[in-house]
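What follows is each chain in one-letter form.
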Amino acid sequence: MNANQSNDLVDQLQVEVSPFTQNDPRKLTNLNEILSCLSWYQSEEAGLSNSLTELLSNHDSVVEPLQELEGLIPRLDDLCFESSRLNEKVSFTAKTAERVGGRVRSLDQEMSHVSEAAEQVGQVMDLKSSLTQLQSCIDSQDWESATRHCARAMSLPFEVISGQFAEVSVPTAESHLPPAQTLQAAREQLLSIFLRQFEQASRSRDAAATSRYFKLFPAIGWEAEGLEAYAFFVIDLVRVRAPTSAKTSSPLYYVTALTALFESVAMIVDQHQVVVEKYYGAGKMRSVIKRLLEECDRVVKSTLDAWREDRCINRKVRICSNCIEMTSPCSRCWMFQTQQWQCLLHITSHQSTTEPGDVDPREIDKTLSEIAGMSGRWCLFRKFLVGQLQKQHLEPAPDPPSHVEGHVSLPLEQTELLDSTSSQKEFEDLLTSCYIPMEIWYTRTIIDKAHSLSKPDLSQTPYMTTTPDDAFYVFKTVYSRLLSTGSLKILERTTDLLKDVMDHDYAGGIKRKLDEVYRASGGTPSGNRTEKSERESRSSFIILLNDLDLSSSHMERLTKDLFSQPVITQLYLEAEQSKARSTVTSLVGSTIQFRATLRAGIEQLFNQLMRPRLRTLIPDVYRDVSYVLDEVTYAAAEYHDTVRKRFVKVWEGLVDGYKDAFTENNYRMLFGLALEVILRPWEKYILTLRYSELGAIRFDRDLRSIMVYLSSQTVFGDIRGKFVRLQQMSSLLNLDIDEDVDAFYSGSGISWALSIQEARNIVGLKV
C-alpha cells in the first residue's frame, strides 16, 4: 500500500470514527466503540510512520546545503572585518569633509554679505548721485534730466532709500534731510513746476510744450495728477460756445450745438488716446474720458434746459398728454374724426386755462425731429466711446512704468461708464417724458387727418382712398425718426404704443367707416334703398376693404425697409442690434388686426349682398335637368350644354363688378366664400338625382366645364382643391357596373374626402 492510499485510508477512518475521537478511550463502554477507536489509532500510527519514513528518505538533500553554508562562514567573517575597517576610514573622511564644508559655507556667507554690502553701497552712491544731480538739474531748469534722475532714484528699493546707511551717508550740508524726504520733496517740487508749466503751455495752446510736460508726469510717479491736468486741458479744448450770429429759433441750433460738443470730444479721444496710452499705459484714457463726460453732462444739461424753455416744451407735452387721455379708445364715441378732434381741442382749452390755444402738428413734428436729432447724436457718440473703450480692453498697450505711489484700476464694463453719466439720464428722461407723448399725439393726429381728408384715388385700379398712402408715409417717417433716437428702451416701448395706435386709430377708423356705410344710408340692403344708393354703398364698402388690404401690404413692405435701415448699425451697440431688429419685425403683427377687420368686412358684404342670391344658384342651374340619359338625350344635352351655360350666366350676374373693384387678395377671399357657400348644397343636390351610365358621363363633363370656367376667372390656382368631394363623387358614379365599390375605395390609392358609407350611397344612385 503506497502513501497516497494510506493517507486516503487514514482520512476514511477519521471520517468513520470521528464521533469516537472526541471521547476519552477510558470512557468506552462496548466492544464496537473500542474496536473503532483502536482502528483509528492504528491508522494514525500508520500515517505517522509514513511521514517519518519520508523525512528520513530526504536527509541527504538537506545535509549537502548545510555543509555548503558552513564552508561560507570563514569568507563572511573576512568580509565583516574588512567592512568594519572601511567604515572607520569613511567616517573619518566624512567628518573631515563636514568640517571643510562648514568653513566653505561660512566663507560663502561672508562673501554674500560683502557683496550685498557692496551692492547697497553702490545703490546708496547711485541714490546720492541721483539726488545731487536732480537738485542740480532743477536749479538749471533741465526738466528732462531732472525727471530722468528722479526716476533713477525712485527705481531703487525702498529699503535702501529709507535705510540707516543711506540716512547717514546721503545727507549733505546743503541737503540735510533723509534721502526719502529729499526725494519726496524733489518730486513734489517737480510736480508743482510741471503743473505750472503745463498750465501755461495749455493756455498758450503750445502743443509742443504741452506734450513735453505731459509725458514727464508718469516718469516721476505723478500719473494721476498728470491725467488730471491733461483732463482739464482737453476740457478747455472742447468747451462749446454758440456764435453770436446764431439764432436759437433755428430748428438745428441745439442739435448743432450738441453735435459740435460730441464731435470735439470724439476728436480729442481719437487723436489723444494713442499719446496717453503710450506714456501712461493701457486703459488710462478712461479717466480722461470720464472727466470729458462730466463736462458733457454740464453742457448737455444746460443745453436741454435752454431748449425746453425756448421751445415751450412743458406746455406742448401737457397739451399732447391731455389730448391722448381724452382720445383713448375706451372713451371714444366713434364719431367722425374731424368733429371729434374739434370737440377735444375745445374741451382741452377749457380744462387748461393756463395753456391757451392748441399746438400745430407741424410744430410738434419739428420738435420731435430736434429730440431725435439730439438723442441720435448722443447715441452715436456713446457708441464711439464704447468702441474706444473696447479697443483698449482687447488691444492692451505695454505696461506703464513702475512708480513709488500709484495703483492699477480694475477693469470695468465698457458701457458702465457711459450709462452712469448724467447725459444718459437726461436723454432717457427727455425721450420718456417728451418724445413718447408728443410722438404718439402726432401719429394719432395725422392718422385722424388722413381719415377725415380721405378721398377716392381714381388714378389707380382697383379704386382706393388716399388714407393708406398718407398714413403709411407719415408712419414711415415717424418710425424712422424713432429708430434715429438710438435708444433701445424707447424703441421697444414706443413700438408697442405705435402698434396700438395703428390697431385702434388706423384700422379701427376704417372699421368704423365700414360700419357707417349702410347705417348712414338708412337701413340694410333689404330696406327701401334705391339701386343707385345700393351701388354707391357697395362701392364705398369695397374701397374701404381695398384700403385694408393695401395697408397690410404697406406694413409688410415698410417692415422690410425698416429692418435694413443703416441707422440700426450706426447708432445701436452690437449687443442691441439684434433686439432692435426683432422689435422692428414685430410691426408685422399689426397686419393680423388689418386682416381680421378685412375678413370681417368681406364676410359682412358677402352675407348682405351675395349669400341670399347664392341660396338658389344650384337649384336654378339644375332645374329640369336629368342625368338618366340614353344616346339621343345624351346627344341633346351635349349640344345644349345647359348646366354650364346656366351656371356661367348666374355666376357672372353675382360677381359682376367685384373682380375689377376688389384687389386681388380681396377678390380671392370673396371668391372662396362664394364657393364654400355653394359647394355643400351642390353636393346635397347631387345626391337627390339618379344617373344612368351616359348620365354619369354627362355629369362629369358638366362638372369639369364649370371648374374650367371658374379657374379662368381667377389667377389663384387653388380652385380644384375645393371641388375634391364633387370630383370623387363623379368618379364613383362612373364606375363599371361589375366593379365593387369597397374594393375600389380601398385599393384605388385615392386620398378620399368621402367616407365609405357615402361612397356606397353615391354608387347606389346609378340606374
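Just so you know, the residues in each chain are numbered from 1, in the order the chain's sequence is written. A pLDDT threshold of at least 70 governs which residues receive local features in this predicted model, and a stricter bar of 80 or more applies before side-chain atom pairs are shown or counted, although totals over entire chains, interfaces and linings include all residues. With hydrogens and water set aside, each side-chain value is computed from the structure's full complement of heavy atoms.

Side note on the overall build of the chain
Worth spelling out the cut-off: Put simply, DSSP marks the helices as runs of H or I at least four residues long and the strands as runs of E at least two long, and each gets a number from the N terminus on. Throughout this description, buried means an accessible area under 20% of the type-specific maximum (1.4 Å probe, protein chains only), exposed means over 50%, and partly exposed covers the range between. The contact criterion used is simple: two residues touch if any of their non-hydrogen atoms lie within 4.5 Å.
In terms of regular secondary structure, the chain is built from 31 helices and 2 strands. The 767 residues of the chain split such that 41% are buried. Considering only contacts within the chain whose residues lie at least 6 apart along the sequence, 79% involve residues at least 24 apart.

Some details on helix α2 (residues 31-57)
Here is the rule: One fewer than the residue count of a helix, multiplied by 1.5 Å, yields its expected span. In protein, a polar contact requires one atom able to donate a hydrogen and another able to accept it; more generally it is a pair of N or O atoms within 3.5 Å, and residues adjacent in sequence count only if both atoms are side-chain atoms.
Spanning 27 residues, α2 covers 39 Å between terminal C-alpha atoms, matching the ideal 39 Å at 1.5 Å per step. Among the residues of α2, those classed as buried are Cys37, Trp40, Ser43 and Gly47. Capping the start of α2 is the job of one residue whose side-chain oxygen sits 3.4 Å from the backbone nitrogen of Asn32: Asn30.

Things to note about the packing of helix α25 (residues 642-655) against helix α27 (residues 664-686)
Filter applied, for reference: Each axis is a line fitted through C-alpha atoms, and for a helix only the stretch in contact is used; angles between axes span 0 to 180 degrees, taken between their N-to-C directions. Roughly parallel here means an angle under 35 degrees, roughly antiparallel means over 145, roughly perpendicular means 65 to 115, and every remaining angle is called oblique. By the definition used in this description, the sense in which the near helix is turned from the far one sets the handedness, with an anticlockwise turn below a right angle giving left-handed and a clockwise turn giving right-handed. All residues other than Ala, Val, Leu, Ile, Met, Phe, Trp, Tyr, Cys, Pro, Asp, Glu, Lys and Arg, Gly among them, are scored as polar; the first ten of these are nonpolar and the last four charged.
Where α25 contacts α27, the two axes come as close as 12 Å, and the packing angle between them is 140°. Taken as axis vectors, α25 and α27 run oblique relative to one another. Here α25 and α27 pass one another in a crossing that is right-handed. Residues Phe647, Trp651 and Val655 of α25 pack against Tyr667, Phe671, Ala674, Leu675, Ile678 and Trp682 of α27. For the contact of α25 with α27, a count of residues per class yields 9 nonpolar, no polar and no charged.

So, the packing of α27 against helix α28 (residues 693-712)
Following both chains from N to C, one finds α27 and α28 inclined at 175°, their axes separated by 14 Å at the closest point. Between α27 and α28, the crossing angle belongs to the class labelled roughly antiparallel. Between α27 and α28, the contacting residues are Phe671, Leu675, Trp682 and Ile686 on the first element and Phe699, Leu703, Ile706 and Leu710 on the second. Broken down by class, the residue content of the contact of α27 with α28 amounts to 8 nonpolar, no polar and no charged.

With respect to the side chain of Asp700
Within the secondary structure, Asp700 sits in helix α28. The buried category is assigned to Asp700, whose relative accessible area is 19%. Apart from the residues within four sequence positions on either side, Asp700 is in contact with Ser730 and Asn734.

Quick notes on unusual backbone geometry
Despite not being glycine, Gln141 shows a phi value in the positive range, around 60°. Structurally, Gln141 can be placed in the loop between α3 (59-140) and α4 (143-154). Despite not being glycine, Asp624 shows a phi value in the positive range, around 60°. In this fold, Asp624 is placed in the loop between α23 (617-621) and α24 (631-640). Look at Asp624 and you get exposed, because its relative accessible area is 74%.

Looking at the packing of aromatic side chains
The line we're drawing: In this analysis, rings of Phe, Tyr and Trp, with Trp reduced to its six-membered ring, are considered paired at centre separations within 6.5 Å, and the interplanar angle assigns stacked below 30 degrees, edge-to-face beyond 60, and tilted for intermediate values. Lysine and arginine charges are scored as sitting over a ring when NZ or CZ, respectively, is within 6 Å of the ring centre and within 35 degrees of the ring normal.
Tallied over the full model, the rule gives 28 aromatic pairs. Aromatic pair Phe262 and Phe381: ring centres 4.9 Å apart, planes at 15°, arrangement stacked. Of the two residues, Phe262 is situated in helix α10 (residues 253-280) and Phe381 in helix α14 (residues 361-394); the sequence distance between them amounts to 119 residues. Residue Phe381 is classed as buried on the basis of its relative accessible area of 4%. Counting every residue linked through ring pairs, the aromatic cluster contains Tyr622, Tyr627, Phe647, Trp651, Tyr667, Phe671, Trp682, Tyr685, Tyr691, Phe699 and Phe723. The ring of Trp222 is capped by Arg187, whose NZ or CZ atom sits 4.2 Å from the centre of that ring. Against the face of Phe563 rests Arg581, its NZ or CZ located 5.8 Å from the ring centre.

Some words on the pattern of salt bridges
What counts is decided by this rule: Put simply, a salt bridge is a Lys or Arg side-chain nitrogen that is within 4 Å of an Asp or Glu carboxyl oxygen.
What the rule picks out here adds up to 33 salt bridges. In this structure, Glu199 and Arg203 form a salt bridge, with 2.9 Å as the shortest nitrogen-oxygen distance. You can see Glu199 and its partner Arg203 sitting in helix α7 (residues 179-203), 4 residues apart, about one turn around the helix. Judged by its relative accessible area of 43%, Glu199 falls in the partly exposed class. Judged by its relative accessible area of 55%, Arg203 falls in the exposed class.

Quick look at the nonpolar core
Worth spelling out the cut-off: Within this scheme, the nonpolar core is defined by two criteria: the residues are buried Ala, Val, Leu, Ile, Met, Phe, Trp, Tyr or Cys, and they are joined through side-chain atoms within 4.5 Å.
In this structure, Tyr479, Tyr622, Phe647, Trp651, Trp682, Leu710 and Phe723 are the most contacted members of the largest nonpolar core, which totals 182 residues. Of the residues forming this core, the biggest block, 13 residues, is contributed by helix α16 (residues 422-452). If near-sequence neighbours (up to four positions away) are discounted, Tyr479 is found in contact with Leu491, Thr495, Leu498, Leu562, Thr583, Val584 and Leu587.

Looking at the confidence of the model for the chain
Atom-level detail of predicted coordinates should not be read off regions where pLDDT is low. What counts, and what does not: A score from 0 to 100, pLDDT tells how confident the predictor is in each residue.
For the chain, per-residue confidence averages 80 on the pLDDT scale, and 86% of positions sit at 70 or higher. Across the chain, helix α17 (residues 467-483) holds the top mean pLDDT of 93, while helix α13 (residues 337-351) sits lowest at 36. Scored below 50 in pLDDT, residues 328-356 shows 37 contacts in the model against residues more than four places distant or in partner chains. Scored below 50 in pLDDT, residues 396-412 shows 20 contacts in the model against residues more than four places distant or in partner chains.

Quick look at a negative patch on the surface
The following threshold applies: Distance thresholds for patches are 9 Å for like charges and 5 Å for nonpolar side chains (Val, Leu, Ile, Met, Phe, Trp, Tyr), applied to residues having over 30% relative accessible area and no salt bridge. Under the convention used here, a 1.4 Å probe and the Shrake-Rupley method define accessible areas, while residue burial counts only the protein chains that appear. His residues and chain termini do not enter the charge count, which takes Lys and Arg as positive and Asp and Glu as negative. Charge coordinates come from a single atom per side chain, which is NZ of Lys, CZ of Arg, CG of Asp or CD of Glu.
Side chains of Glu693, Asp736, Asp738, Glu739 and Asp740 sit close together on the surface and give a patch of like negative charge. Looking at the secondary structure, you find Asp738 in the loop between α29 (724-733) and α30 (741-747). Given a relative accessible area of 72%, Asp738 falls into the exposed group.

Quick look at a nonpolar patch on the surface
Residues Val62, Leu66, Leu69, Leu72, Leu76 and Leu79 make up a contiguous nonpolar surface patch of roughly 570 Å² in combined accessible area. Inspection of the secondary structure puts Leu76 in helix α3. Since its relative accessible area comes to 53%, Leu76 is described here as exposed.

Observations concerning the environment of Lys722
Counting through the fold element by element, Lys722 comes out in the loop between α28 and α29. When the C-alpha atoms of Lys722 and Leu679 are compared, they prove to be 8.1 Å apart, with 43 residues separating the residues in sequence. Discounting residues that sit within four places of it in the chain, Lys722 has contacts with Gly672, Leu675, Glu676 and Leu679.

A word on α10
Because an α-helix packs 3.6 residues into every turn, residues spaced three or four apart end up facing the same way. The condition that has to hold: The bend at a residue is defined as the angle formed between two axes, one fitted to the seven residues ending at that residue and one fitted to the seven starting there.
Look at α10: 38 Å from first C-alpha to last across 28 residues, which is about the 40 Å you get at 1.5 Å a residue. Its axis deflected by about 45° at His272, α10 carries its strongest bend there. Phi for Gly281, located one or two positions after α10, is positive at around 110°.

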